[in-house]
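Geometric and topological summary
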Amino acid sequence: METLIINGGNALRGSVEINGAKNAAVAILPAAVLASNQKCIIDNIPDIEDVHCLERILAGLGCTVNKINNNTLEIDATDITTVNACTEDVRRMRASYYFIGSLLARFKKARVELPGGCPIGVRPIDQHIKGFEALGAKVTIEHGAVSVEADELHGASIFFDVVSVGATINVMIAATMAEGTTTLENVAKEPHVVDVANFLNTMGADIKGAGTDVIRIKGVESLTGCNYSVIPDQIEAGTFMIAAAATKGDVTITNVIPKHLESISAKLIEVGAIVEEGDDSIRVTVDKPLKGVNVKTAPYPGFPTDVQQPMSTLLSITEGRSLIVESIWENRHKHTDELKKMGAVIKVEGRTAIIDGVESLTGCRVRATDLRAGAAMVIAGLIANGETEIVDIEHIDRGYPHIENKFRALGADIRREDR
Ligand code: EPZ
């Protein structure tokens, strides 16, 4: 079993380059099946397990997937042979549900097994289904798979009941070639939603308003392949910013869009860290004791739920009491049990974690209970006294490219071992 072994105590110093955004890439790859001619060449793709999973799913559908290098994929979806995506890879990950939207848009039918993903709460897809039905598709769920079918798709006005990244992207993809205009309201505004819209527009779609509350999509006849580069990962960047503050280091995080990181920067400044923005970099340093703060997660531009767990590690060693209210997922404090093994003082009441800062954490064997929980445990290991062993790290590999190499380059004592 692979584990991460960390000997804590080193302040992180130096510079780290952020990879392409996982949650943009995992939607852009399924959307590549929309191209009925010409290849898509997609750059700045993170080298993570979720992407490898999608490569296998694309190949299973009949796409030719050519890895130009670790971060660039060429996808030829011209000769797709099946609209059935029912494999272990599809079941394992969340983003496989974007194949429902993309296959529906191009072939007017699809059968896709229900998606998996991090165990962070109930993860319904009712808003995706509501959108597909409004576009004219018949949707059935049988034997653990979603089947969609339509004679033709037509534009519609859809008001989402909840702000959902997945539903916004999936229905936007499905509507690209629907007859007429589709209006999506109460949509997610995350940077990756905008990135997917930009990718679709580069393929020839007509999408306006991504990043605002209303997205308008004028259906086009067909989409073609294109060259595209994925935006930098807001969450990976936030994780390194928090790690820099937690270890009282001095880290410059490069290849970022500082605007996407404003809510994280603001919280770190409130904690007492120094955050300096460059054009495409952010430097985080610490010159005084850090203090507890309150955090409430919210859809973009609010504080991202995906950075909440790493933030809880930082707040476990800041002075005084902090509250973290998780307003997106009902079960995203599970990792606090692992932090408690390391000496953190945390009480969870419903969606709120009450954290009383302690002087230091101590290393021990802990689990990565999900992807971002894994990042939280890595940061905990970096600041703890002694050795921390993290198990179940396949969760971390799903979303963080080469995490141990990046932290080691910043001076951390971290290695991967088969134990
Ligand atoms: C995306 O998940 C991300 N995953 C998640 O990141 C992230 O936590 C989440 O957005 C919120 O930012 C991917 O992009 C692959 P949602 P998604 O639909 O799309 C409710 C990570 O760590 N909802 O925005 O599945 C839902 O229960 C992962 O990288 C419905 O009620 O999230 C939740 O409370 C974990 N019905 C809220 O909306 C629906 O049909 C937001 O979910 C869909 C969602």
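Residues numbered from 1 in each chain as written. Predicted model: local features only at pLDDT ≥ 70, side-chain atom pairs only at ≥ 80, totals over all residues. Heavy atoms only, no water.

Along the protein, the regular secondary structure elements total 14 helices and 26 strands. In terms of overall size, the protein behaves like a compact globule, its C-alpha atoms giving a radius of gyration of 21 Å where 419 residues would be expected to give roughly 22 Å. Its C-alpha atoms give the protein principal-axis dimensions of about 65 × 45 × 40 Å. Across the 419 residues in the protein, those meeting the buried criterion constitute 57%. (Helix = DSSP H or I, 4+ residues; strand = E, 2+ residues; numbered from the N terminus. Rg over C-alpha atoms; globule rule 2.2 N^0.38 Å. Buried < 20%, exposed > 50% of the residue type's maximum accessible area, 1.4 Å probe, protein only.)

Here we come to the layout of surface pockets. Over the atoms, a rolled probe matching the size of one water molecule traces out where space is still vacant. The computed volume of the largest pocket comes to approximately 940 Å³. Residue lining of the largest pocket: 41 residues in total, with Arg123, Val165, Gly166, Ile328 and Trp329 positioned closest to the centre. Looking at the lining of the largest pocket, the elements that each hand over two or more residues are helix H1 (22–31), helix H5 (126–134), helix H6 (165–175), helix H8 (234–246), helix H10 (305–315) and helix H12 (371–383). Residue composition of the lining of the largest pocket, by class: 20 nonpolar, 10 polar and 11 charged. Of the residues that make up the lining of the largest pocket, three or more belong to each of domain 1 (2–18 + 232–418) and domain 2 (22–219). As a volume, the second largest pocket reaches approximately 340 Å³. (1 Å grid on protein atoms, 1.4 Å probe; cavity = no way out; pocket = protein on both sides within 12 Å on 5 of 7 lines; lining within 4 Å. Points joined across faces, edges and corners; volume = space filled by probe spheres on them. Nonpolar A, V, L, I, M, F, W, Y, C, P; charged D, E, K, R; others polar. Domains from an automatic or database assignment.)

Okay, empty space enclosed by the protein next. For the coordinates displayed, the defined rule picks out 3 cavities of 30 Å³ or more. Approximately 70 Å³ is the volume found for the largest cavity. Surrounding the largest cavity, Ala21, Lys22, Asn23, Ala24, Pro191, His192, Ile231, Pro232, Asp233, Gln234, Ile235 and Arg372 form its lining. Those elements giving two or more residues to the lining of the largest cavity turn out to be H1, helix H7 (191–202) and H8. Ranked by residues supplied to the lining of the largest cavity, first place goes to H1 with 3 residues.

With that out of the way, let us pick up the packing of aromatic side chains. Inspection of every chain in the model, using the stated rule, returns 3 aromatic pairs. Consider the rings of Phe199 and Tyr228, whose centres lie 5.5 Å apart with planes at 65 degrees: the pair is edge-to-face. Taken together, the residues span a long stretch of sequence, with Phe199 in helix H7 and Tyr228 in strand S16 (residues 227–229) at a distance of 29 residues. Relative accessible area serves as the criterion here: at 0%, Phe199 is assigned to the buried category. Geometry around Trp329 places Arg123 over its ring, the cationic atom sitting 4.6 Å from the centre. (Phe/Tyr/Trp six-rings, centres within 6.5 Å; stacked < 30°, edge-to-face > 60°. Lys NZ or Arg CZ within 6 Å of the ring centre and 35° of its normal.)

Now for the sheet that holds strand S1 (residues 2–7). In space, the 4 strands of this open sheet follow the order S24-S25-S1-S26, with mixed pairing throughout. The outermost strands of the open sheet, each flanked by one partner alone, are strand S24 (365–367) and strand S26 (413–418). If you compare each strand with its neighbour and ignore which way they point, the axes differ by 25 degrees on average. One ladder, built from 4 bridges, connects S1 with strand S25 (residues 387–391); its direction is antiparallel. Each residue of the ladder has a partner; that of Ile6, found in S25, is Thr388. Strands in contact with H12 are S1, S24, S25 and S26; relative to S1, the strand with the most contacts, it is inclined by about 35 degrees. (Pairing = 2+ DSSP bridges. Axes fitted to C-alpha atoms, helices over the stretch in contact; angles between N-to-C directions. Contact = heavy atoms within 4.5 Å.)

What follows deals with the domain arrangement of the protein. It is common to report an interface's size as the accessible area lost on association of the parts. When cut into domains, the protein gives domain 1 (2–18 + 232–418) and domain 2 (22–219). The centre of domain 1, based on its C-alpha atoms, is set 30 Å off from the matching centre of domain 2. Taken together, the contact between domain 1 and domain 2 spans 23 residues of the former and 20 residues of the latter. Taken together, the two surfaces of domain 1 and domain 2 that pack against each other cover about 1800 Å², and 54% of this comes from carbon and sulfur. Close ionic contact of Arg398 with Asp50 constitutes a salt bridge, the shortest N to O distance being 3.0 Å. Put simply, domain 1 and domain 2 have 5 residue pairs in polar contact (both at pLDDT 80 or more) between them. Considering only residue class, the side of domain 1 that touches domain 2 consists of 7 nonpolar, 7 polar and 9 charged. (Buried area = accessible area lost by both parts, 1.4 Å probe. Salt bridge = Lys/Arg side-chain N within 4 Å of Asp/Glu carboxyl O. Polar contact = N/O pair within 3.5 Å; in protein donor to acceptor, adjacent residues only side chain to side chain.)

Turning next to the UniProt feature "binding site: phosphoenolpyruvate" (unreviewed entry) in the protein. The positions UniProt marks with the feature "binding site: phosphoenolpyruvate" (unreviewed entry) are Lys22 and Asn23. Considering only the residues just annotated, the largest cavity is lined by Lys22 and Asn23. Its place among the elements puts Lys22 in helix H1. Residue Lys22 is classed as buried on the basis of its relative accessible area, which comes to 8%. If near-sequence neighbours (up to four positions away) are discounted, Lys22 is found in contact with Pro46, Ile48, Asp50, Asp233, Leu371, Arg372, Arg398 and Gly399. You can see Asn23 is positioned in helix H1. Other than its neighbours up to four places away in sequence, Asn23 contacts His192, Asp306 and Arg372. (UniProt positions renumbered as here; feature names shortened; annotations may be inferred.)

By nearness alone, 25 residues border the ligand, and Ser164, Val165, Asp306, Ile328 and Arg372 come closest of all. Within the contact set of the ligand, an oxygen atom lies 2.8 Å away from a backbone nitrogen or oxygen of Gly166. The pocket occupied by the ligand, as judged from atoms lying within 2 Å of grid points, is the largest pocket. If you count residues domain by domain, the shell around the ligand takes at least three from each of domain 1 (2–18 + 232–418) and domain 2 (22–219). (Near = heavy atom within 4 Å. Sits in = over half its atoms within 2 Å of the grid points.)

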